[in-house]
Amino acid sequence: MALTTSAKGTCVVLAATIAGAALAACGTQHGTHGTHGTHGTSSGFAALVAPWASAPPSAVTRTHPALTPRPDSRARHDFAAPSSVPASPSRAAARSVPSAASRQQRADDGKASRGPETAGPAIDHSVEGGGRSVALTFDDGPDPRWTPQILALLAQHHAKATFCEIGPNAQAHPDLVKKITAAGDRLCDHSVHHDEAQSHKSFSYNEHEIVDAQHEIGAAAGTGAKLWYYRAPGGDFSPAIRGIAADHGLRPLGWNVDSEDWKRPGVNVILNNINAELKPGAIVLMHDGGGDRSQTVAALGTLLDRLDAAGYTYTFPQR
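Residues numbered from 1 in each chain as written. Predicted model: local features only at pLDDT ≥ 70, side-chain atom pairs only at ≥ 80, totals over all residues. Heavy atoms only, no water.

Draft legend 1. Broad picture of the side chain of threonine 296. Note on placement: threonine 296 falls in helix 13 (residues 294-309). You can call threonine 296 buried: its relative accessible area is 1%. Only 2.7 Å separates the side chain of threonine 296 from the side chain of aspartate 261, close enough to count as a polar contact. The residues contacting threonine 296, other than those within four sequence positions of it, are Asp261, Ile270, Met286 and His287. (Helix = DSSP H or I, 4+ residues; strand = E, 2+ residues; numbered from the N terminus. Buried < 20%, exposed > 50% of the residue type's maximum accessible area, 1.4 Å probe, protein only. Polar contact = N/O pair within 3.5 Å; in protein donor to acceptor, adjacent residues only side chain to side chain. Contact = heavy atoms within 4.5 Å.)

Structure follows, in C-alpha cells:
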C-alpha cells in the first residue's frame, strides 16, 4: 500500500494496521477443539493393530475439527445450560490481568484441593511415561452407570487413567470419586457447567467455572486427594483460562487422540478413530459421562486388550 500524506490516507493505513494486529491477537488467544487436541499420524502402532476394525478406515468420515464448529454442548452432552450466567463486563475487563496480590490470594484459597506446585499455563499434550506408553482420559463423569464399568475394565488390565470431572457430578457421586482415587487414577477439573464458549465470557465467570468445580471435586474426593489438571470443555482454552488454572495448581490438559465416542458412532468407528492417531506418548480422549456410554465401554475393553498385546503401558499426562 502506498503511503499518502492526506488525512484520509493516513486513517486508512492506521485502520488496516490496527485491524491486522487485532486479528493476530485473536488468533493467539482463543483455543478451539482443533488446537486443543493435536491430531498426528500414527507411527508404528497402526501396523500392529490395523486388523482390529471390521470396517475399513475409509468408512469413517472425518473432518478437521479446526474447520468444523463443534455441536452445541447441550446436544453433545445432554447437559442443561446454566440457569443464569453472570453478566459479562466489557471485553477489556474480561481480558484484564489481575494484580500479583489478587492472583496469589486466589492461589492460596485453592490449596486445599490442589496438585503439586509445578503446574504451568501451557496446554499439556505429553505424558509422564517413556517408551510405548499411553495416557487414557475420560471426560464428563462421574456417572453411576458408566464410571464403575470403566474402572472395572481398567483394573482388569492394571491400567491407569485420568478422569476429568464435572463439579456437580462429583458432588452428587462422591463415592465414585473416592473409588477413582483409591484405584490410583488421577482427577482433573472439567468445569461446573461444561460451557464450550467459556473463552468468550468474563474473567470472573471463568474463575467460577474452574475454581468452584475444583472445590466440588476436591470435597467429593476427601482430605488429601489431589486435582492435577484442568481440561476446558471442548478445548476452549484462552490465556486467561490457562492462567486461572495454573494459579490454582492445575495444568491445562489437552489431547492428541480423539475417539469421538461422544457421537456414539459405533464401537468399530471409535476404535478406528483411535487407531488412526495413536502412537507412543499419546493422550486419548474418551468419555465416562454426559450420555449413553455403552459404546465407549465396549470399545475400551477391546482397546485395552490390543494395547496390552502391542506392548503398551499406561501412564498419566505430564505435569
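Resuming the write-up.
Draft legend 2. Examining the pairing of strand 4 (residues 227-230) more closely. Bridging between strand 3 (residues 186-189) and strand 4 involves three bridges; their strand directions are parallel. Each residue of the ladder has a partner; that of aspartate 189, found in strand 4, is tyrosine 230. Of the strand pairs in this sheet, strand 4 and strand 5 (residues 251-252) are connected by two bridges, and their pairing is parallel. Within the sheet, the bridge partner assigned to tyrosine 229 lies in strand 5 and is arginine 251. In this fold, strand 4 hands off to helix 11 (residues 239-247), which returns the chain to strand 5; that crossover is right-handed. (Pairing = 2+ DSSP bridges. Right-handed = clockwise from strand over helix to strand, strands pointing away.)

Draft legend 3. Spatial organisation of the packing of helix 10 (residues 203-221) against helix 11. Remark: helix 10 packs on helix 11, axes separated minimally by 10 Å, with the N-to-C direction vectors making an angle of 45°. By the angle between their directions, the pair helix 10 and helix 11 is classed as oblique. In the packing of helix 10 onto helix 11, the handedness of the crossing is right-handed. Facing Phe203, Asn206, Glu207, Ile210 and Val211 of helix 10, the residues of helix 11 in contact are Ala240, Ile241, Ile244 and Ala245. Within the contact of helix 10 with helix 11, the residues separate by chemical class into seven nonpolar, one polar and one charged. (Axes fitted to C-alpha atoms, helices over the stretch in contact; angles between N-to-C directions. Parallel < 35°, antiparallel > 145°, perpendicular 65-115°, else oblique. Left-handed = near helix turned anticlockwise from the far one by under 90°. Nonpolar A, V, L, I, M, F, W, Y, C, P; charged D, E, K, R; others polar.)

Draft legend 4. Up close: the pairing of strand 3. Residues Arg186 and Cys188 line one face of strand 3 and the alternating positions Leu187 and Asp189 line the opposite face, and both faces are buried. Where strand 2 (residues 161-165) and strand 3 come together, four bridges link them in parallel fashion. Bridge assignment links phenylalanine 163 to a residue of strand 3, and that residue is leucine 187.

Draft legend 5. Layout of the confidence of the model for the chain. When pLDDT is averaged across the chain, the result is 75; 63% of the residues are at 70 or more. This stretch, residues 1-117, has a pLDDT under 50; its non-local contacts, to residues over four places away or in other chains, come to 174 contacts. (pLDDT = per-residue confidence, 0-100.)

Draft legend 6. Quick look at the environment of serine 204. Position of serine 204 among the secondary structure elements: in helix 10. Taking relative accessible area as the criterion, serine 204 reaches 43% and is therefore assigned partly exposed. Within the structure, serine 204 has its side chain in polar contact with the side chain of serine 202 (distance 3.1 Å).

Draft legend 7. Geometry of the pattern of salt bridges. Inspection of every chain in the model, using the stated rule, returns four salt bridges. Of the charged contacts in the structure, one is a salt bridge between aspartate 139 and arginine 231, with a shortest N-O distance of 2.7 Å. A residue pair is termed long-range when its members are at least 10 positions apart, and aspartate 139 in strand 1 (residues 133-141) and arginine 231 in the loop between strand 4 and helix 11 qualify at 92 residues. A relative accessible area of 3% places aspartate 139 in the buried class. (Salt bridge = Lys/Arg side-chain N within 4 Å of Asp/Glu carboxyl O.)

Draft legend 8. The arrangement of the side chain of aspartate 189 in detail. Along the chain, the position of aspartate 189 falls in strand 3. No salt bridge is formed by the buried aspartate 189. Its closest oppositely charged neighbour is arginine 231, at 11 Å. In terms of polar contacts, aspartate 189 uses its side chain to reach the backbone amide nitrogen of glutamine 214, at 3.2 Å. If near-sequence neighbours (up to four positions away) are discounted, aspartate 189 is found in contact with Glu165, Glu209, Ile210, Ala213, Gln214, Ile217, Leu227, Tyr229, Tyr230, Arg231 and Leu250. (Lys, Arg positive; Asp, Glu negative; His and termini not counted.)

Draft legend 9. Structural detail: unusual backbone geometry. At the junction of glycine 141 and proline 142, the peptide bond is cis and its omega measures out at 0° in the coordinates. Relative to the helices and strands, proline 142 is located in the loop between strand 1 and helix 7 (146-156).

Draft legend 10. View of helix 9 (residues 174-182). Along helix 9, the positions that sit buried rather than exposed are Leu176, Val177 and Ile180. Angular distribution of buried residues about the axis of helix 9 spans 100°; they occupy a single face of the element. Its buried side turned inward, helix 9 meets helix 7, strand 2, helix 8 (167-172), strand 3 and helix 10. Just downstream of helix 9 lies glycine 184, where phi reads positive at about 90°. (Arc of directions from axis to C-beta.)

Draft legend 11. Main features of the packing of aromatic side chains. Applying the stated criterion to the full structure yields two aromatic pairs. With a centroid separation of 5.4 Å and 25° between ring planes, the pair formed by phenylalanine 138 and phenylalanine 163 is classed as stacked. Highlighted residues: phenylalanine 138 in strand 1 and phenylalanine 163 in strand 2, separated in sequence by 25 residues. Here phenylalanine 138 matches phenylalanine 163 in class, with each residue buried. Look at tyrosine 230 and phenylalanine 237: their rings are 6.2 Å apart centre to centre, the planes differ by 85°, and that puts the pair in the edge-to-face class. When its relative accessible area of 0% is taken as the criterion, tyrosine 230 is described as buried. Sitting over the ring of tryptophan 228, arginine 186 keeps its end group 3.8 Å from the ring centre. (Phe/Tyr/Trp six-rings, centres within 6.5 Å; stacked < 30°, edge-to-face > 60°. Lys NZ or Arg CZ within 6 Å of the ring centre and 35° of its normal.)

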